[in-house]
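# Summary of the model geometry
Letter by letter, the chains look like this.
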Amino acid sequence: MDKLFLKDKYRLPDSIKVQLIKSKEGGYTVILPEYSGLVTYAEDVVELISVVNDAVLTYFEVPSKEAKKINFLYVPDPVEFHRLQQGSEVKKKKENNPIVTKFVTYSPAYSYG
C-alpha cells in the first residue's frame, strides 16, 4: 500500500488548514475549520503534529495501523512550524485571533520507529 492508495481509499485531502488558539495557561486549542466539529488540544507545538494526525485519521476513519504501515503523516509547513516553535507568531497574534497554518501530507522514506 502506498500514500496515494491510502489517500484515495479514505478520500484524504492533500492539505488541511489548522487554526491554533494559544491559551493563557499554555497549550493550544486546535481547530480544523474545514471539518465540522473537529477540535482538539495540544500541550505544545511538538505535540501538535501527533494531535492533528490523530484527529484527521479519526475523522476520516482511517485505521492507524494502515497509516503507520506507510508512515503517512500530515506535517506543518517547515517555515510556519519553526515560527511557532520560536513563539514569534504567538506573540504577534491576539488571543482571540487564531494562528492559521497549513499541514501537508508527508511519507518519509525511512522510519526509525
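Shown above is the structure to which this text applies.
Described below are features of the structure shown in this document. (Residues numbered from 1 in each chain as written. Predicted model: local features only at pLDDT ≥ 70, side-chain atom pairs only at ≥ 80, totals over all residues. Heavy atoms only, no water.)

### Details of the sheet that holds strand β1 (residues 15-22)
Working definition: the strands of a sheet are paired by backbone hydrogen bonds and lie parallel or antiparallel to each other. With respect to topology, five strands assemble into an open sheet ordered β3-β2-β1-β5-β4, the strand pairing being antiparallel. Only two strands of the sheet have a single neighbouring strand rather than two, namely β3 (39-42) and β4 (73-76). Across the sheet, the mean angle separating the axes of adjacent strands is 35 degrees when strand polarity is ignored. Sheet analysis places β1 next to strand β5 (residues 99-106), joined by six bridges and oriented antiparallel. Counterpart to I16 in the pairing with β5 is F103. Across the sheet, helix α2 (residues 45-59) lies against β1, β2 (28-31), β3, β4 and β5, angled at about 155 degrees from β3, the strand it touches most. Taken strand by strand, helix α4 (residues 78-86) contacts β1, β2, β4 and β5, and its axis lies near 130 degrees from that of β5. (Pairing = 2+ DSSP bridges. Helix = DSSP H or I, 4+ residues; strand = E, 2+ residues; numbered from the N terminus. Axes fitted to C-alpha atoms, helices over the stretch in contact; angles between N-to-C directions. Contact = heavy atoms within 4.5 Å.)

### A closer look at α2
In a regular helix each residue adds 1.5 Å, so 15 residues correspond to 21 Å; α2 covers 21 Å between its end C-alpha atoms and thus fits that length. Residues of α2 that are buried include every one of V45, L48, V51, V52, N53, A55, V56 and L57, and no others. One side-chain oxygen of the residue at the start of α2 lies 3.1 Å from the amide nitrogen of V46, identifying that residue as D44. Following α2 by one or two positions, E61 adopts a phi angle in the positive range, close to 55 degrees. (Expected span 1.5 Å × (residues − 1). Buried < 20%, exposed > 50% of the residue type's maximum accessible area, 1.4 Å probe, protein only. Polar contact = N/O pair within 3.5 Å; in protein donor to acceptor, adjacent residues only side chain to side chain.)

### Observations concerning the nonpolar core
Counting 29 residues, the largest nonpolar core has L12, I16 and V30 as the members making the most contacts within it. When contributions to this core are tallied by element, the ones reaching two or more residues are α1 (3-10), β1, β2, α2, α4 and β5. The biggest single contributor to this core is α2, with seven residues. In contact with I16, other than residues within four places in its own chain, are L32, E34, Y35, V52, V56, Y74, T101, K102 and F103. (Core = buried A, V, L, I, M, F, W, Y, C linked by side-chain atoms within 4.5 Å.)

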